[in-house]
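Commentary on secondary and tertiary structure
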Amino acid sequence: MARLKAGARTTGFKVAFAVFLAGVAMVATSLSIQHDFAFFELGYLFTLSIYDLVLAMLGLSIAIGMAGTIRQVQAITLGFLAPLVPMLAFFDPIFSVILASPLGHELFLIAPAAVMLSGAVLWLPERLRRYGAPLAAAVVGFSLSLFIGLDDFGIGIKDFMLSAVLGALWILIVPGMMLRPFRGEWLTIPARIIGSWLVVIGIIVTVSLYVPLAPNAPTPPLPTGSQPDAPAFPPLDPAMEEGLIVAPDLFSDEALQADQPPLPEEPSMPNEGENPLFNSRPEAPSFAPSITPPALP
């Protein structure tokens, strides 16, 4: 407990913790206030949305926290930026060369490989980790450059790219600098546990990329004696099955006529003698007495 209190009082922890809180406040503000997002905001939010690379960068951040000297921290940071900066500066020509190479057909494996490498680094002893961590950071940086370059709307928005890179550096460096005041032998076992998780996650993601999608569910078999084009009838009432109610004859003349929609009534033609539009008037009744001529002798 005394060691934790002493580490929390160091200037390095206070500065790193302040930067961590500033980043969290910025992200929370962007997501809580309803507004039109600027490209600068979209950049660091985009980096946070790449979950597998975020896990890889957090694994490298633990390696930064376990680094014995500040030179090793700088080596990991430079290894991360070494492929990232030139890729984003000249993305189109470099990406065209990559697509023409054999690597162009396996680009989907870069992110899982980065996650597995960042986890494997945490299992290495310190004398090997100082060389393995920068190499793993280079793979993570290269994978991130592909994500940013392909999602940069194809027009190279500088605010978007700059913010995405700064967000990645915040994930990579800040947690590790917060951890450095507490480094020691006690951190070896937790680091290896986290490294094992990262390796397993990378393997699961890789296997999921190769497993084909499940086909559609097969059509249920037809009942015995039924025809494929036969109409489907609703199930009978249990009372009908037990013989308590007589089932209606679905094919009787009355049922067939009931299923058919009623025919439209034909419009009745008006009587010309009663419609003045046909230049005719109804015959007026005659009230004169009918006189029958007398019969001749």
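These numbers were taken from a predicted model, which means no experiment stands behind them. (Residues numbered from 1 in each chain as written. Predicted model: local features only at pLDDT ≥ 70, side-chain atom pairs only at ≥ 80, totals over all residues. Heavy atoms only, no water.)

Side note on the overall build of the protein chain
Which entries qualify depends on this criterion: A run of DSSP states H or I qualifies as a helix once it reaches four residues; a run of E qualifies as a strand once it reaches two. Both are numbered from the N-terminal end. Exposure is judged per residue with a 1.4 Å probe applied to protein chains only, and the accessible area is read against the type maximum: over 50% gives exposed, under 20% gives buried, and values in between give partly exposed. Any pair of residues with heavy atoms lying within 4.5 Å of one another is described as a contacting pair. Using the Shrake-Rupley algorithm and a 1.4 Å probe, accessible areas are obtained, with residue cover drawn only from the displayed protein chains.
Summing up its helical and strand segments, the protein chain has twelve helices and zero strands in all. Seen in sequence order, the protein chain has helices and strands lined up from the N terminus as α-α-α-α-α-α-α-α-α-α-α-α. Taken over 297 residues, the protein chain has a buried fraction of 31%. Taking the contacts inside the protein chain whose residues are at least 6 apart along the sequence as the reference set, 77% of them involve residues at least 24 apart. Here the protein chain has roughly 20,400 Å² of accessible surface; of this, 68% comes from carbon and sulfur atoms.

So, the packing of aromatic side chains
Under the convention used in this document: For Phe, Tyr and Trp, where Trp contributes only its six-membered ring, two rings pair if their centres lie within 6.5 Å, and the inter-plane angle classes them as stacked under 30 degrees, edge-to-face over 60, or tilted in between.
One pass over the structure, following the stated rule, counts seven aromatic pairs. Ring centres of F46 and F160 lie 5.6 Å apart, and the angle between their planes is 45°; on these two criteria the pair is classed as tilted. Placement of F46 in helix α3 (residues 39-49) and of F160 in helix α9 (residues 158-179) is noted, with a sequence separation of 114 residues between them. We note that F46, like F160, is buried. Taking the centre distance of 5.2 Å and the plane angle of 10° together, the rings of F91 and F95 count as stacked. One end of the pair, F91, and the other, F95, are both in helix α6 (residues 91-100), four residues apart, so they sit about a helical turn from each other. One aromatic cluster is present, formed by F13, F17, F20, W170 and F182 through successive ring pairs.

Notes on the environment of S101
Going by this rule: Throughout this description, a polar contact denotes any pair of N or O atoms lying within 3.5 Å of each other; where both atoms belong to protein, one of them has to be capable of donating a hydrogen while the other can accept it, and for residues adjacent in sequence the pair is counted only when both atoms sit in side chains.
Summarising the element assignment, S101 is placed in the loop between α6 and α7 (110-121). Using a relative accessible area of 23% as the deciding quantity, one classes S101 as partly exposed. At 2.6 Å, the side chain of S101 forms a polar contact with the backbone oxygen of I98.

Structural notes on helix α4 (residues 51-66)
Stated formally: Here a helix's expected span is defined as the number of its residues, less one, multiplied by 1.5 Å.
An ideal rise of 1.5 Å per residue puts 22 Å on 16 residues; α4 measures up with 23 Å between its terminal C-alpha atoms. Across the 16 residues of α4, twelve count as buried, placing the element largely inside the fold. Those residues of α4 that fall on the buried side of the exposure criterion are L53, V54, A56, M57, G59, L60, S61, I62, A63, I64, G65 and M66. Packed against the buried residues of α4 are α3, α5 (70-89), α7, α8 (126-150), α9 and α10 (188-210).

Concerning the nonpolar core
What counts here: The term nonpolar core refers to a set of buried residues drawn from Ala, Val, Leu, Ile, Met, Phe, Trp, Tyr and Cys, joined through side-chain atoms within 4.5 Å.
L53, M57, F80, V140, L144 and I148 are the most contacted members of the largest nonpolar core, which has 40 residues in total. Here this core gets nine residues from one element, more than from any other, and that element is α4. In this structure, F91, F95, I98 and L146 belong to the second largest nonpolar core, which totals eight residues.

Overview of a nonpolar patch on the surface
Note the threshold: Patches in this entry comprise residues that are over 30% relatively accessible and not in a salt bridge; like charges within 9 Å are linked, as are nonpolar side chains (Val, Leu, Ile, Met, Phe, Trp, Tyr) within 5 Å. Should a side-chain nitrogen of Lys or Arg be within 4 Å of a carboxyl oxygen of Asp or Glu, the pair is scored as a salt bridge.
Taken together, L55, L58, I189, I193, I194, W197 and I201 make up a surface patch of nonpolar side chains, about 620 Å² in accessible area. The element contributing the most residues to the nonpolar patch is α10, with five residues. For I201, a relative accessible area of 33% corresponds to the partly exposed category.

With respect to the environment of A82
Its place among the elements puts A82 in helix α5. Each C-alpha atom, one on A82 and one on A137, is 9.2 Å from the other, the two residues being 55 residues apart in sequence.

Quick look at the confidence of the model for the protein chain
Worth spelling out the cut-off: What pLDDT reports is the predictor's confidence in each residue, on a scale of 0 through 100.
Chain-level statistics for the protein chain give a pLDDT mean of 79 and a share of 69% at 70 or above. The model gives residues 274-282 a pLDDT under 50, and that stretch makes eight contacts with residues more than four places away or in other chains.

Focus on the side chain of S143
Position of S143 among the secondary structure elements: in helix α8. Each residue touching S143, except ones within four places of it in the same chain, is listed here: L53, I110 and A111.

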